[in-house]
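Next come the chains, spelled out residue by residue.
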Amino acid sequence: MIIGLPKEIKNNENRVALTPAGVKELVERGHIVYVQMSAGAGSGFPDDEYAAAGACMLQAAEEVYAKAEMIVKVKEPIAPEYNLVRPGQLLFTYFHFASDRALTDAMLASGAVCLAYETVQLPDKTLPLLVPMSEIAGKMAAQVAARFLTAPQGGKGKLMGGVPGVKPAKVLVLGAGVVGATAATVAAGMGADVTIADVSLPRLRYLAQVLPANVKTLCSSKGAIIEELKTVDAVIGSVLIPGARCPHLVTKDMLQYIAPGSVMVDVAIDQGGCFESSHATTHSDPVYEINGVVHYAVANIPGAVPYTSTMALTNATFPYVLQLAEKGWQQACKDNASLAAGLNIVDGKVTFKAIADYYNIPYQPIEL
């Protein structure tokens, strides 16, 4: 197969979808890999390492898209890339269609095959290609909250862990999945007073046993969240419904309960955000204030640590890249139901029900 690796162009996105080691294995198996120059530079992988691995180096993204049967990326195509995508071309990347109608329409019009990392699902319902980035985003969310609670960043001027004689910051984590549990663990490690909320009592029972003693669990409801907001210093939103848009657990009218200088970190912004007042921000301009409350809603949080993120992501994605390259997407998805679950758009049709339902677009089961 002919595989293309373009450079990511989203704001401050320095990750890359294949390492030189991955390229080398693909080439040794008889595949052709085109790599755009400087694609891996931000993650610490210079062009000469890709060339030594057997990649064919190209100057422009247009050349990569024009030659490749499969494009492997980290983030969804953005507007300058829409017209580069060809009918029948396979794109394997994060898409998060439910948060971006323009992207959805562009990929439908392209006639491409869009296989989304975030909906590849194992039989036990875990999301193997989302987990490593969720772990990183959860760790960083706690760090971000600590940073923006400082006075120079517009926060209350509170230290997460406090000091003897001064209470620590209170942190509310909404959602007890991988992001939420990781964020709670890191915030607790800083010494914060942490509450993690979820609707799943079995999950909360499990976390109550394994998380540090300074993490309390809470059965999530609107009333319970409002009571927490009255005394909270930081809120980390980490709700996930695979492939679907997130519900707004903190609505705009609930901001009245949050004290100025508090921080809200919306890790769910890729899927539309779980705070109604959220809109996507970037690493170069990460925050804004509403009613004095600091909002952080960067849509590619792990992009800030590209070396770690690239290594973690490619560890997870490469086995699937190899299956797609060796068998082609149709046979690979027939052989692997987990991979088939990643098919979101195929040949101008929506094949993932949550996306079709959200946009009221006809749904085409992939089996048909």
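Structure first, text after, so check above.
The text that follows walks through the structure, step by step, so that each part is easy to find. Not measured: the values here are computed from a predicted model. Every chain begins its residue count from 1, and numbering advances along the sequence as written. With the structure being a predicted model, the display of local features is reserved for residues of pLDDT at least 70 and the display and counting of side-chain atom pairs for 80 or more, all residues being used for whole-chain, interface and lining totals. Side-chain measures were taken over the full set of non-hydrogen atoms in the model, leaving aside hydrogen atoms and water.

Right, let's talk about the side chain of Asp 233 for a bit. Tracing the sequence through the fold places Asp 233 in the loop between helix 9 (222–229) and strand 10 (234–237). Within the local environment of Asp 233, its side chain forms a polar contact with the backbone nitrogen of Lys 170, the two atoms lying 2.7 Å apart. Under the scheme used here, helices are H or I runs from DSSP no shorter than 4 residues and strands are E runs no shorter than 2 residues, and both carry numbers assigned from the N terminus. In the analysis that follows, any N or O atom pair within 3.5 Å is treated as a polar contact, provided that within protein one partner can donate a hydrogen and the other can accept it, and provided that, for residues neighboring in sequence, both atoms belong to side chains.

Before going further, it helps to spend a moment on the packing of aromatic side chains. Side-chain rings of Phe, Tyr and Trp, where Trp is taken by its six-membered ring, are said to pair if the distance between their centres is within 6.5 Å; with planes under 30 degrees apart they count as stacked, over 60 as edge-to-face, and otherwise as tilted. Applying the stated criterion across every chain yields a total of six aromatic pairs. Ring geometry for Phe 148 versus Tyr 296: centroids 5.8 Å apart, planes at 45°, classification tilted. On the criterion of sequence distance, the pair formed by Phe 148 in helix 6 (residues 131–148) and Tyr 296 in strand 13 (residues 293–296) is long-range, its members being 148 residues apart. Of the residues examined, Phe 148 reaches a relative accessible area of 1% and is grouped as buried. Chaining the aromatic ring pairs together yields one cluster made of Phe 92, Tyr 94 and Tyr 117. For every residue, the accessible area (1.4 Å probe, protein chains only) is compared with the maximum for its type, and the residue is labelled buried under 20%, exposed over 50%, or partly exposed between those bounds.

Let's shift gears to the side chain of Asn 336. Note that Asn 336 resides in the loop between helix 11 (329–335) and helix 12 (337–340). A polar atom in the side chain of Asn 336 sits 3.0 Å from the side chain of Gln 323.

Our focus in this paragraph is the pattern of salt bridges. A side-chain nitrogen of Lys or Arg and a carboxyl oxygen of Asp or Glu constitute a salt bridge if their distance falls within 4 Å. Scanning all chains against the criterion turns up 16 salt bridges. With a closest N to O distance of 4.0 Å, Glu 81 and Lys 73 form a salt bridge. We note that Glu 81, like Lys 73, is buried. Lys 216 is the salt-bridge partner of Asp 193, the closest N and O atoms lying 2.4 Å from each other. On the criterion of sequence distance, the pair formed by Asp 193 in strand 8 (residues 193–198) and Lys 216 in strand 9 (residues 215–219) is long-range, its members being 23 residues apart. Connected via shared salt-bridge partners are Lys 10, Lys 75, Glu 76 and Asp 270.

Our focus in this paragraph is the sheet that holds strand 13. Criterion used throughout: strands pair if DSSP finds at least two bridges between them. Taken in spatial order, the seven strands make up an open sheet running 9-8-7-10-11-13-12, and their pairing is mixed. Among the strands making up the open sheet, the edge pair consists of strand 9 and strand 12 (287–290). For this sheet, the mean inter-axis angle between neighbouring strands, taken without regard to orientation, is 20°. Relative to strand 9, strand 8 runs parallel, the two being bridged by five bridges. Bridge pairing in strand 9 links Thr 195 to Lys 216. Should any heavy atoms of two residues lie within 4.5 Å, those residues are considered in contact. For helices, the axis comes from a line fit to the C-alpha atoms of the stretch in contact; other axes are also lines fit to C-alpha atoms, and the angle between any two N-to-C directions lies between 0 and 180 degrees. Sitting on the sheet, helix 6 is in contact with strand 10, strand 11 (263–266), strand 12 and strand 13, with an inclination near 155° to strand 11. Across the sheet, helix 8 (residues 201–210) lies against strand 8 and strand 9, angled at about 170° from strand 9, the strand it touches most.

Right, let's talk about a nonpolar patch on the surface for a bit. Here a patch means residues that are over 30% exposed by relative accessible area and free of salt bridges, tied together within 9 Å if like-charged and within 5 Å if nonpolar (Val, Leu, Ile, Met, Phe, Trp, Tyr). Reported accessibility uses the Shrake-Rupley method at a 1.4 Å probe radius. Residues are deemed covered only where the shown protein chains occlude them. A contiguous nonpolar surface patch, about 270 Å² in accessible area, is contributed by Leu 159, Val 163 and Val 166. Relative accessible area serves as the criterion here: at 49%, Val 166 is assigned to the partly exposed category.

Let us look at the packing of helix 1 (residues 20–28) against helix 10 (residues 306–327). Packed helices, taken two at a time, are described by their axes: the angle between them and the distance between them. Between helix 1 and helix 10, the least distance of the axes is 11 Å, while the angle of their chain directions is 25°. Judged by the inter-axis angle, helix 1 sits roughly parallel to helix 10. Helix 10 is crossed by helix 1, and the crossing has right-handed handedness. On the side of helix 1, the interface is formed by Gly 22, Glu 25 and Leu 26, while helix 10 contributes Phe 318, Val 321, Leu 322 and Ala 325. Here roughly perpendicular refers to angles of 65 to 115 degrees, roughly parallel to angles under 35, roughly antiparallel to angles over 145, and oblique to all remaining angles. By convention the crossing between two helices is left-handed if the near helix lies anticlockwise of the far one by an angle smaller than a right angle, and right-handed if it lies clockwise.

The subject of this paragraph is the pairing of strand 13. Of the two faces of strand 13, the one lined by Val 293 and His 295 and the one lined by Val 294 and Tyr 296 are each fully buried. The sheet contact formed by strand 11 and strand 13 spans three bridges and is parallel. Bridge pairing in strand 13 links Met 264 to His 295. Both strand 12 and strand 13 contribute to a ladder of four bridges, which runs antiparallel. Within strand 13, the residue paired with Glu 289 across the bridge is Val 294. Taking the residues between adjacent antiparallel strands as the criterion, strand 12 and strand 13 are bridged by two residues, where Asn 291 takes a positive phi near 55°.

Moving on to the environment of Cys 246. Secondary-structure assignment places Cys 246 in the loop between strand 10 and strand 11. A residue is classified by how much of its surface remains accessible, and Cys 246, at 7% relative accessible area, is buried. Apart from residues lying up to four places away in sequence, Cys 246 is in contact with Val 239, Ala 268, Gln 271, Gly 273 and Cys 274.

Here the focus is helix 1. Listed as buried for helix 1 are Pro 20, Gly 22, Val 23 and Leu 26. Mapping the buried residues of helix 1 onto a view down its axis gives an arc of 155°, with all of them on the same face. Among the exposed residues of helix 1, those pointing more than 90 degrees away from its buried face are Ala 21 and Glu 28. Contacts from the buried residues of helix 1 go to strand 1 (2–5), strand 2 (32–36), helix 2 (47–52) and helix 10. Following helix 1 by one or two positions, Gly 30 has its phi on the positive side, about 95°. The directions considered for the arc are those from the helix axis to the C-beta atoms.

As a further point, take the pairing of strand 14 (residues 343–346). As paired elements, strand 6 (residues 113–116) and strand 14 share three bridges and run antiparallel to each other. Bridged to Leu 115 within strand 14 is Leu 343. With two bridges joining them, strand 14 and strand 15 (residues 349–350) adopt antiparallel strand pairing. Its bridge partner lying in strand 15, Val 346 is registered against Lys 349. Hairpin connection between strand 14 and strand 15: a loop of two residues separates the two successive antiparallel strands, and Asp 347 in this loop has a positive phi of roughly 50°.

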